[in-house]
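Structural overview
Given next are the chains, with one letter for each unit.
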Amino acid sequence: MSTPKTRGFTTTILHSDAEAGIEHGALHKPLHLSVAYGYKDARDLAAVFQGTQQGYVYGRQGNPTSGALEVKVTKMEGGVSTVCFATGMGAIGAVMLALLREGDHVVASQFLFGNTVSLFGTLAAHGIKLSFVDSTEVANVEKALTAQTRLVFVETIANPRTQVADLERIGALCTSRGVLYVVDNTMTSPALFRPKAVNAGLIVNSLTKYIGGHGNALGGAVTDTGLFDWTKFPNIAENYKSQPRKLWGIQQIRKKGLRDWGGTLAATDAHHIAAGAETLALRMGRTCSNAQALAEFLSAHPQVGAVYYPGLASHPQHALARTLFSGCGGIFSFELKEGVDCFDFLNRLEIVVSSSNLGDNRTLAIPVAQTIFWEMGPERRKEMGIAESLIRISTGIEDCEDLLADFRQALG
Ligand SMILES: *Cc1c(COP(=O)(O)O)cnc(C)c1O
């Protein structure tokens, strides 16, 4: 609207709600808990149903509080439209369910969030074909493309081994082949990286992680960047083609993915996430500098084996990460030397919490093989380069000296 393009990221987030006008001059978008919305003129109700007028009808399809967050996420990502969901998995599931048909093919990174891998297993059981490739090299993606490939799905920085996808080249490949490029931006967040810059058509964010940031609300979002030509996508139903072409895909995701599957973001959670998002850029700056300091400290420690962090010169995609991202993120992992028990080490940490979440303000640690990668068994772990002593750290915003001291004393 009237926002000058020159406004910075944080200013834009802080003043986003006010642009559309907030009820009673409130500075926060209020919580709208009503399930249904009434219309004085029934013709307006019909117009909203028919998509010729903006408005809310029933809470499963969205409410004004999550609507304000959708606008905010769209601005953060530089996109054209966003749909919010109850969780990040809800967002990813909705994209796949709304856009794929039996016999369609997906090329996905082999370094993915575990539950996304599990979801792809479910899709395979429903007749979707999948190829998992090493996404750090565009050539692997190119080799896997077929005439049936409907989308390519990658994450920016993988968890827990921090592989960085060849994001820009994969984007160029997808553009030249007319294939939809979907990027999960959770690990970097729009504060460090905008997938639109590498030609992503759709961006997924788990709002639970850095965007909300405080570990007090679950949420997810899908943003359309406006770059993908939906007229070339065969699976758009005729009745969603009444909207401008740029909105065909997101419209189908809102109807088929959100309305029909019902993974709706609650207004209270949207409010927590929106408040958290106000400090996203500040928190990411601190998170990245803390992660860098810890990764450097651990790489020099005699009790520690390999350390995996894109901000280290030893990381295979270090140069790539430096050109793509304005910071290397808060996730790193490391192996303890033989003879150091990972549980004893974790139990000696006094500030760092043993917990499975990530993107919290607090620094969290988890032994990978014994927890999040336990279900897949030792052989699959070995294939994926997950050592039995691997520990994943989600760096928080504590004072750096306190974190360094905690790791120092726990390593003895
Ligand atoms: C956590 C996470 C998700 C899923 O988000 P939820 O909000 O937990 O459902 C998806 N992708 C990545 C990369 C994640 O880290």
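Owing to the predicted nature of the structure, the values given are computational and were not obtained by experimental measurement.

1. Observations concerning the packing of aromatic side chains
Evaluated as defined, the whole model comprises eleven aromatic pairs. For the pair Phe334 and Phe345, a centre-to-centre distance of 6.0 Å together with 85 degrees between the ring planes defines the contact as edge-to-face. Residue Phe334 is found in strand β9 (residues 331-336), and its partner Phe345 is found in helix α14 (residues 342-348); the two are separated by eleven residues along the sequence. Members of the aromatic cluster, each reached through a chain of ring pairs, are Tyr309, Phe332, Phe334, Phe345 and Phe407.

2. Some remarks on the environment of Ile372
As for its placement among the helices and strands, Ile372 is situated in the loop between β11 (364-367) and α15 (377-383). The class for Ile372 is partly exposed, based on a relative accessible area of 35%. For the pair formed by Ile372 and Asn115, sequence separation is 257 residues and the distance between their alpha carbons is 9.6 Å. Ignoring any residue separated from it by four or fewer positions in sequence, one finds Ile372 in contact with Ile366 and Arg392.

3. Some details on helix α3 (residues 42-50)
Its side-chain oxygen 2.8 Å from the backbone nitrogen of Arg43, Asp41 forms the N-cap of α3. Of the residues one or two after α3, Gly51 is the one with positive phi, at around 80 degrees.

4. Topic: the domain arrangement of the protein chain
Often, the extent of an interface is quoted as the loss of accessible area on bringing the components together. Per the domain assignment, the segments making up the protein chain are domain 1 (9-277) and domain 2 (281-411). Taken over both partners, the interface formed by domain 1 and domain 2 buries close to 2,700 Å², and the fraction arising from carbon and sulfur atoms is 62%. Considering only the side of domain 1, the residues that lose the most area to domain 2 are Arg161, Leu192 and Tyr210, jointly responsible for 27% of the buried surface there. Where domain 1 meets domain 2, there are zero salt bridges. Among the elements of the structure, α1 (9-14), α8 (167-177), α9 (189-192) and α11 (267-277) are those that each provide at least two residues to the side of domain 1 that touches domain 2. Among the elements that line the side of domain 1 that touches domain 2, the one with the most residues is α9, at three residues. A breakdown of the residues in the side of domain 1 that touches domain 2 according to their chemical character gives 14 nonpolar, 14 polar and four charged.

5. Points about the sheet that holds strand β2 (residues 105-109)
What the seven strands build is an open sheet, ordered β1-β7-β6-β5-β4-β2-β3; its pairing is mixed. Two strands in the sheet have a free side with no partner beyond their single neighbour: β1 (81-85) and β3 (129-133). In this sheet, adjacent strand axes meet at a mean angle of 20 degrees when their direction is disregarded. For β1 and strand β7 (residues 220-224), the ladder comprises five bridges, and the chain directions are antiparallel. Paired with Val83 across the two strands is Val222, which belongs to β7. Of the strands in this sheet, β1, β6 (202-206) and β7 touch helix α4 (residues 64-77), which is tilted by about 125 degrees from β1. Strands β1, β6 and β7 of the sheet are contacted by helix α10 (residues 248-259), whose axis makes an angle of about 15 degrees with β1.

6. Notes on the nonpolar core
Ranked by size, the top nonpolar core spans 75 residues in total, and within it Val152, Leu167, Tyr181, Phe334, Phe345 and Phe407 carry the most contacts. Among the elements that line this core, the one with the most residues is helix α12 (residues 280-299), at eight residues. Two domains each provide a minimum of three residues to this core, namely domain 1 (9-277) and domain 2 (281-411). Ignoring anything within four residues of it in the chain, the contact list for Leu167 reads Val154, Glu155, Thr156, Tyr181, Val183, Phe193, Val198, Leu324 and Phe325. If you look at the next biggest cluster of nonpolar residues, it comprises 33 residues, including Ile92, Ala108, Val204 and Ile253.

7. Here's the deal with the sheet that holds β9
Taken in spatial order, the five strands of this open sheet run β8-β9-β12-β11-β10, and their pairing is mixed. Of all the strands in the sheet, just β8 (304-308) and β10 (353-354) have a single pairing partner and so form its edges. In this sheet, strand β12 (residues 390-394) lies alongside β9 in antiparallel orientation, the contact comprising five bridges. Within β12, the residue paired with Phe332 across the bridge is Ile393.

Reading the values: the criteria
- Residues numbered from 1 in each chain as written.
- Predicted model: local features only at pLDDT ≥ 70, side-chain atom pairs only at ≥ 80, totals over all residues.
- Heavy atoms only, no water.
- Phe/Tyr/Trp six-rings, centres within 6.5 Å; stacked < 30°, edge-to-face > 60°.
- Helix = DSSP H or I, 4+ residues; strand = E, 2+ residues; numbered from the N terminus.
- Buried < 20%, exposed > 50% of the residue type's maximum accessible area, 1.4 Å probe, protein only.
- Contact = heavy atoms within 4.5 Å.
- Polar contact = N/O pair within 3.5 Å; in protein donor to acceptor, adjacent residues only side chain to side chain.
- Domains from an automatic or database assignment.
- Buried area = accessible area lost by both parts, 1.4 Å probe.
- Salt bridge = Lys/Arg side-chain N within 4 Å of Asp/Glu carboxyl O.
- Nonpolar A, V, L, I, M, F, W, Y, C, P; charged D, E, K, R; others polar.
- Pairing = 2+ DSSP bridges.
- Axes fitted to C-alpha atoms, helices over the stretch in contact; angles between N-to-C directions.
- Core = buried A, V, L, I, M, F, W, Y, C linked by side-chain atoms within 4.5 Å.

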